[in-house]
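# Results of the structural survey
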Number of protein chains: 2
Amino acid sequence: MALTRRDLALAGLISPLIAAASNARANGASDSAPDLPVHDMSGMPPGWMGSEKIAILIYPEFTALDALGPHYMFTNLMGATTMIVAKTHDPVTSDAGLVLTPSASFDECPEDLDILCVPGGSRGTLAAMRDDVTLRFLKSRGGRARYVTSVCTGSLLLGAAGLLDGYRATSHWTARALLPEFGAIPVDARVVRDRNRFTGAGVTAGLDLGLTLVGALRDRAYAEAVQLMAEYAPQPPFDAGTPQTAPPEATALLEGMMTDFLTEATKVGRDAFIRARAL
Amino acid sequence: MALTRRDLALAGLISPLIAAASNARANGASDSAPDLPVHDMSGMPPGWMGSEKIAILIYPEFTALDALGPHYMFTNLMGATTMIVAKTHDPVTSDAGLVLTPSASFDECPEDLDILCVPGGSRGTLAAMRDDVTLRFLKSRGGRARYVTSVCTGSLLLGAAGLLDGYRATSHWTARALLPEFGAIPVDARVVRDRNRFTGAGVTAGLDLGLTLVGALRDRAYAEAVQLMAEYAPQPPFDAGTPQTAPPEATALLEGMMTDFLTEATKVGRDAFIRARAL
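So, here is what we can say about the structure in this document. Please read these numbers as outputs of a predicted model, since none were measured by experiment. (Residues numbered from 1 in each chain as written. Chains lettered and ligands numbered in written order. Predicted model: local features only at pLDDT ≥ 70, side-chain atom pairs only at ≥ 80, totals over all residues. Heavy atoms only, no water.)

Once that is clear, we can look at the sheet that holds strand E1 (residues 53–57) of chain B. Sheets are built from strands that pair by backbone hydrogen bonding, the pairs being arranged parallel or antiparallel. Residues and elements named next belong to chain B. Spatially, the seven strands line up as an open sheet ordered E5-E2-E1-E6-E7-E11-E10, and their pairing is mixed. Whereas interior strands pair on both sides, the edge strands pair on one side only; in this sheet they are strand E5 (104–105) and strand E10 (191–194). Bridge count between E10 and strand E11 (residues 197–200): four bridges; the pairing is antiparallel. When the bridges of E11 are listed, Arg193 appears paired with Phe198. In the packing of helix H5 (residues 132–142) onto the sheet, the strands contacted are E1, strand E2 (81–86), strand E6 (115–118), strand E7 (147–150) and E11, and the crossing angle to E6 comes to about 145°. (Pairing = 2+ DSSP bridges. Helix = DSSP H or I, 4+ residues; strand = E, 2+ residues; numbered from the N terminus. Contact = heavy atoms within 4.5 Å. Axes fitted to C-alpha atoms, helices over the stretch in contact; angles between N-to-C directions.)

Encoded structure:
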């Protein structure tokens with residue numbers, strides 16, 4: 001379920017129609033078109049309808065949940081347009097085999113975004129760092145966006161594009177120590193805000209990041225309504241979500257599995273960070 | 001990031017190769033194929049590799065995050081195959097405009113599943129209840145699956161197919177009161193297990209549901225490693241995730257928005273529940 005039912009959940013796609021219907025209502029028209037029911041928004045605070053342009057980058061082998069947590073929150077922003085942006089319109093396969101069709105290519109993505117959001121991954125994130133077209137896209141949109149955001153190792157990609165130089169930031173706990181390669185100051189926190197950079201920790205931190213941004217773009221009452229619609233009152237069945245609370249064996253296992261990735265990410269990231277300056 | 005990096009995160013798709021590589025390693029072979037690195041799993045408990053068949057239903061205007069929380073958790077089950085199943089192979093658009101390509105059609109979905117998982121939605125969930133092909137698919141796979149599961153209003157769809165008759169269950173908080181229409185006993189809890197039925201509350205409860213199932217299918221240590229990879233130590237920026245903690249205005253707003261849906265769902269659900277018996 002989404003905050004705004006289909007009509008309003010899809011507000012980003014149909015905002016002109018909603019605006020027209022709202023105007024019609026304000027002008028005394030009896031109702032909107034019968035196939036597009038619009039709820040009575042007359043009691044809605046004026047600041048609750050927006051017109052933000054939001055782009056979530058996807059790339060081959062990205063981690064889908066990194067993107068989908070924020071996507072849920074953003075698409076509950078009435079009036080906003082949330083695009084899934086990739087290099088081309090070709091379907092993109094996530095690291096877990098999910099196939100998504102982008103809604104906009106790099107070329108079609110507006111130059112001035114309210115939010116640029118970059119999900120992480122492992123091998124796919126390295127490939128994205130090696131790709132100058134992706135780095136150029138990030139540098140161009142990230143240099144102008146109102147908020148530049150990431151989830152998980154998406155911050156390595158932001159960093160590689162030069163967008164975290166001098167900023168405090170976070171990443172997946174296994175990858176946070178790499179941030180200084182990009183001039184960033186690593187912070188052990190779930191969501192880190194430094195000026196207009198919002199970075200989230202691993203995977204599920206995207207929910208907290210997304211909801212934080214909803215609060216920043218609207219107000220607390222709006223964000224609370226979105227949280228209630230998402231029934232976001234988490235009850236993890238175990239207490240192993242951080243290396244501080246997880247059994248040492250789990251931490252050691254994942255650190256071991258990540259060794260190769262981190263070695264490669266350091267090398268690939270350094271190269272990308274230098275190349276990106278000239279892009 | 002996923003627990004198992006691409007190679008193991010995709011274990012469901014490449015388990016024969018992993019098994020072959022593991023065998024080769026056990027037989028003294030030096031390594032797996034160079035384009036498919038397999039980590040040293042020699043220290044892995046024997047029960048950690050599985051071969052489950054998991055199907056997540058999607059349908060037009062489903063809520064993507066309902067499906068993607070469990071999807072993340074399930075795709076970290078090494079050796080398991082997680083399919084995104086829809087009526088046909090045509091791309092399916094979520095209630096928030098996300099376009100996913102199914103990996104299997106109803107006809108291709110194995111008859112004996114380890115997990116059947118059904119996400120919710122609002123208008124799309126009503127349309128799915130009206131569709132006898134979908135009800136027949138749910139009845140057929142749900143009647144044989146090892147675990148029959150849902151997130152959010154997905155439980156209404158399970159209920160309409162007759163799969164919750166006599167079971168304790170939950171749903172999105174706004175929709176829980178409808179469960180008796182399907183013979184189910186509503187329970188106010190994040191994840192409700194009754195025999196082999198696992199139902200989750202609204203949207204984000206899919207993360208808790210998915211992780212609970214990972215624990216049920218493997219063991220606690222495995223589930224804790226998945227939780228740590230997901231960095232699932234949530235810190236919602238507000239405390240409005242339930243009607244008990246949210247501001248009364250937010251609760252009233254959403255209850256008002258859901259009135260039409262619930263009236264329609266009661267009618268459509270009753271009809272479906274009766275029709276499904278004869279399917």
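A few words on the pattern of salt bridges. All names here are of chain A. In the structure shown here, the tally under the stated rule is 24 salt bridges over all chains. Between Asp188 and Arg176 there is a salt bridge, with the nearest N and O atoms lying 3.3 Å from each other. Placement of Asp188 in the loop between strand E9 (185–186) and strand E10 (191–194) and of Arg176 in the loop between strand E8 (168–169) and E9 is noted, with a sequence separation of 12 residues between them. Exposure remark for Asp188: the relative accessible area of 51% places this residue in the exposed category. For Arg176, a relative accessible area of 15% gives the class buried. With its nearest N and O atoms 2.7 Å apart, the salt bridge here joins Arg270 to Glu181. Remark: Glu181 occurs in the loop between E8 and E9 and Arg270 occurs in helix H9 (residues 248–277); sequence separation between them is 89 residues. Take Arg270: its relative accessible area is 44%, and that puts it in the partly exposed class. What emerges from the salt-bridge pattern is a single network uniting Glu111, Asp112 and Arg144. (Salt bridge = Lys/Arg side-chain N within 4 Å of Asp/Glu carboxyl O. Buried < 20%, exposed > 50% of the residue type's maximum accessible area, 1.4 Å probe, protein only.)

So, on to the state of the cysteines. Residues and elements named next belong to chain A. Scanning all chains against the criterion turns up zero disulfides over all chains. Cysteine Cys152 shares no disulfide, and the gap to the nearest cysteine sulfur, in Cys117, comes to 12 Å. Taking relative accessible area as the criterion, Cys152 reaches 0% and is therefore assigned buried. (Disulfide = S-S within 2.5 Å.)

Moving on: the sheet that holds strand E1 (residues 53–57) of chain A. Residue and element names in this part refer to chain A. In space, the seven strands of this open sheet follow the order E5-E2-E1-E6-E7-E11-E10, with mixed pairing throughout. The sheet is open, and its two borders are formed by strand E5 (104–105) and E10, each paired with just one other strand. One ladder, built from three bridges, connects strand E7 (residues 147–150) with strand E11 (residues 197–200); its direction is parallel. Each bridged residue has a counterpart across the sheet, and for Val148 the counterpart in E11 is Arg197. Helix-sheet contacts for helix H5 (residues 132–142) involve E1, strand E2 (81–86), strand E6 (115–118), E7 and E11, and the interaxial angle to E6 is about 145°.

With that settled, consider H5(B). Residues of H5(B) that are buried: Thr134(B), Leu135(B), Phe137(B), Leu138(B), Arg141(B) and Gly142(B). Viewed along the axis of H5(B), the buried residues span an arc of 160°, placing them on a single side of the element. (Arc of directions from axis to C-beta.)

Every contact between the two is made by 81 residues of chain B and, on the other side, 80 residues of chain A. Together chain B and chain A conceal approximately 7,100 Å² of surface at their shared face, both sides included; 68% is due to carbon and sulfur atoms. Considering only the side of chain B, the residues that lose the most area to chain A are Met1(B), Leu228(B) and Glu231(B), jointly responsible for 13% of the buried surface there. The interface formed by chain B and chain A holds zero salt bridges in total. (Buried area = accessible area lost by both parts, 1.4 Å probe.)

Residue and element names in this part refer to chain B. Structurally, Tyr222 is set in helix H8 (residues 220–229). Classification of Tyr222 by relative accessible area gives buried; the value is 0%. Here the alpha-carbon distance between Tyr222 and Ile56, two residues 166 residues apart in the chain, equals 21 Å. Polar contacts involving the side chain of Tyr222 include one to the main-chain carbonyl oxygen of Asn76, which spans 2.5 Å. (Polar contact = N/O pair within 3.5 Å; in protein donor to acceptor, adjacent residues only side chain to side chain.)

It is worth spelling out H8(B) at this point. Residue and element names in this part refer to chain B. Of all the 10 residues making up H8, eight are buried; the element is thus mostly covered by neighbouring parts of the structure. Those residues of H8 that fall on the buried side of the exposure criterion are Tyr222, Ala223, Glu224, Ala225, Val226, Gln227, Leu228 and Met229. Downstream of H8 by a residue or two, Glu231 has a phi angle that is positive, lying close to 45°.

Turning our eyes to something else, we now look at the side chain of Gln227(B). Along the chain, Gln227(B) turns up in helix H8. The residues contacting Gln227(B), other than those within four sequence positions of it, are Pro236(A), Phe238(A), Asp239(A), Ala240(A), Gly241(A), Leu211(B) and Tyr232(B).

Bringing the relation of the copies chain B and chain A into the picture now. Its rotation angle being 180°, the transformation that places chain B on chain A also includes 0.0 Å of axial translation and leaves an RMSD of 0.0 Å. Here the copies are linked by what is in effect a two-fold axis. When C-alpha distances to the rotation axis are compared across chain B, the minimum falls at Leu100(B), with a value of 2.3 Å. (Least-squares fit on C-alpha atoms with pLDDT ≥ 70 in both.)

In this section: the packing of helix H8 (residues 220–229) of chain A against helix H9 (residues 248–277) of chain B. Geometrically, a packed helix pair is captured by the angle between its two axes and the distance between the axes. Put simply, H8(A) and H9(B) touch, their axes get as near as 9 Å, and they point 55° apart. Our classification of the angle between H8(A) and H9(B) gives oblique. For the pair H8(A) and H9(B), the sense of crossing is right-handed. Seen from H8(A), the contacting residues are Ala225(A), Leu228(A) and Met229(A); seen from H9(B), they are Ala250(B), Thr251(B), Leu253(B), Leu254(B) and Met258(B). Of the residues contributing to the contact of H8(A) with H9(B), the split by class is seven nonpolar, one polar and no charged. (Parallel < 35°, antiparallel > 145°, perpendicular 65-115°, else oblique. Left-handed = near helix turned anticlockwise from the far one by under 90°. Nonpolar A, V, L, I, M, F, W, Y, C, P; charged D, E, K, R; others polar.)

Turning our attention to the nonpolar core. Nonpolar side chains in soluble globular proteins tend to be buried together. Met129(A), Leu138(A) and Leu138(B) are the most contacted members of the largest nonpolar core, which has 182 residues in total. Among all residues touching Leu138(B), those that are not within four sequence positions of it are Leu57(B), Leu116(B), Val118(B), Gly143(B), Leu157(B), Ala161(B) and Leu163(B). (Core = buried A, V, L, I, M, F, W, Y, C linked by side-chain atoms within 4.5 Å.)

Residue and element names in this part refer to chain A. For E1, a buried count of four out of five residues is recorded, marking the element as mostly surrounded by other parts of the structure. In the sheet, E1 pairs with E2 via five bridges, with the strands oriented parallel. Bridging from a neighbouring strand, Leu57 pairs with Val85 of E2. Taken together, E1, helix H3 (residues 64–74) and E2 form a β-α-β motif whose crossover is right-handed. By the bridge criterion, three bridges tie E1 to E6 in an arrangement that is parallel. Across the sheet, Ile54 pairs through a bridge with Ile115, a residue of E6. (Right-handed = clockwise from strand over helix to strand, strands pointing away.)

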